[in-house]
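Structural overview
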Amino acid sequence: TQLLEQSPQFLSIQEGENLTVYCNSSSVFSSLQWYRQEPGEGPVLLVTVVTGGEVKKLKRLTFQFGDARKDSSLHITAAQTGDTGLYLCAGALYSWGKLQFGAGTQVVVTP
Amino acid sequence: EAGVVQSPRYKIIEKKQPVAFWCNPISGHNTLYWYLQNLGQGPELLIRYENEEAVDDSQLPKDRFSAERLKGVDSTLKIQPAELGDSAVYLCASSSRLAGTTDTQYFGPGTRLTVL
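A brief look at the structure comes next.

This paragraph deals with the overall build of chain A. Secondary structure summary: chain A contains 0 helices and 11 strands in total. The order of α-helices and β-strands along chain A, N terminus first, is β-β-β-β-β-β-β-β-β-β-β. Here the C-alpha atoms of chain A give a radius of gyration of 13 Å, agreeing with the 13 Å that 2.2 N^0.38 yields for 111 residues. C-alpha atoms of chain A, sized along the principal axes, occupy 40 × 30 × 20 Å. The buried share of chain A, taken over its 111 residues, is 45%. Sequence separation of at least 24 residues holds for 54% of the intrachain contacts in chain A that already meet a minimum separation of 6.

Written out as structure tokens, the structure is:
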């Protein structure tokens, strides 16, 4: 059983549509990160959230950390084909703790 | 700035053979990680180095896996002998970990290992 559960596992949408992916746990995290991984590459950090209720925006991507610091969501507005990739959430239980990764959500954006 | 470099990118071996992966972290990064990523899964930490010291190797299967980071820069991960279940992507990451701050890890492209 993974510490972080991501949903959905797979998402296929057309360009211009919106999407939301979720990252849930029963554990409280000191911080939570979102990564995007493309085929044949390592994960690339998108954002780090540390405060319960925090919302961060990165162009068309909006990240939210739950009030209780147990869950997070990633919302993409007007998706583009370049948003295609595996989205991973990763949390640290304490500031010096190792990152625990979820299994990821595979997002495919078609023209 | 050059990113994390890993080699080889791909490796195909027969079971019971040895294999080694090499990682060159970002210059100045004192912390180095080796992760294993199975298909359809997120990365799982194998070992973390602070400079040349392995500070977390609790998930490293020590009967067949070994790692070293001589001089606190480059690192090598070895498997001997390899088993079919070792087929996966092996990722290296590095960071300049500072006390009291959230760690930002930079990942290399990984080595895809296939054991036949």
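On to the overall build of chain B, then. When its secondary structure is counted, chain B shows 0 helices and 11 strands. Taken from the N to the C terminus, the helices and strands of chain B come in the order β-β-β-β-β-β-β-β-β-β-β. The burial tally for chain B puts 47% of its 116 residues in the buried class. Once local pairs closer than 6 in sequence are excluded, the contacts in chain B between residues at least 24 apart make up 54%. When the accessible surface of chain B is split by element, carbon and sulfur atoms take 50% of a total near 5,900 Å².

Attention now moves to unusual backbone geometry. Between S7 of chain A and P8 of chain A the backbone carries a cis peptide bond, its omega angle lying at -10°. Inspection of the secondary structure puts P8 of chain A in the loop between strand 1 (5–7) and strand 2 (10–14). With omega at -10°, the peptide bond leading from S7 of chain B into P8 of chain B counts as cis. Mapped onto the elements, P8 of chain B comes out in the loop between strand 1 (5–7) and strand 2 (10–13). With phi around 55°, K59 of chain A is a residue other than glycine that occupies positive phi space.

Let us look at the sheet that holds strand 3 (residues 19–24) of chain A. Note: strands within a sheet are paired through backbone hydrogen bonds, in either parallel or antiparallel orientation. Residues and elements named next belong to chain A. Pairing is antiparallel across the open sheet formed by 5 strands, whose spatial order is 1-3-8-7-6. Single-partner strands in this sheet number two, and they are strand 1 and strand 6 (55–58). Strand-to-strand, the axes of this sheet are offset by a mean angle of 15°, without reference to chain direction. Sheet analysis places strand 1 next to strand 3, joined by 3 bridges and oriented antiparallel. Each residue of the ladder has a partner; that of Q6, found in strand 3, is C23.

Residue and element names in this part refer to chain B. One pass over the full model with this rule turns up 6 salt bridges over all chains. Here E50 makes a salt bridge to R48, at a shortest N to O gap of 2.4 Å. Of the charged contacts in the structure, one is a salt bridge between D57 and K62, with a shortest N-O distance of 3.8 Å. What you see here is one network of salt bridges that share partners, running through R64, E83 and D86.

This part is about the pairing of strand 6 (residues 53–56) of chain B. All names here are of chain B. Bridging between strand 5 (residues 44–50) and strand 6 involves 3 bridges; their strand directions are antiparallel. Bridge pairing in strand 6 places E50 opposite E53. Between strand 5 and strand 6, which pair antiparallel in sequence order, lie 2 residues; one of them, N51, sits at a positive phi of approximately 60°.

Scoring rules and cut-offs
Residues numbered from 1 in each chain as written. Chains lettered and ligands numbered in written order. Predicted model: local features only at pLDDT ≥ 70, side-chain atom pairs only at ≥ 80, totals over all residues. Heavy atoms only, no water. Helix = DSSP H or I, 4+ residues; strand = E, 2+ residues; numbered from the N terminus. Rg over C-alpha atoms; globule rule 2.2 N^0.38 Å. Buried < 20%, exposed > 50% of the residue type's maximum accessible area, 1.4 Å probe, protein only. Contact = heavy atoms within 4.5 Å. Areas by Shrake-Rupley, 256 points an atom, 1.4 Å probe, with all protein chains shown as cover. Pairing = 2+ DSSP bridges. Axes fitted to C-alpha atoms, helices over the stretch in contact; angles between N-to-C directions. Salt bridge = Lys/Arg side-chain N within 4 Å of Asp/Glu carboxyl O.

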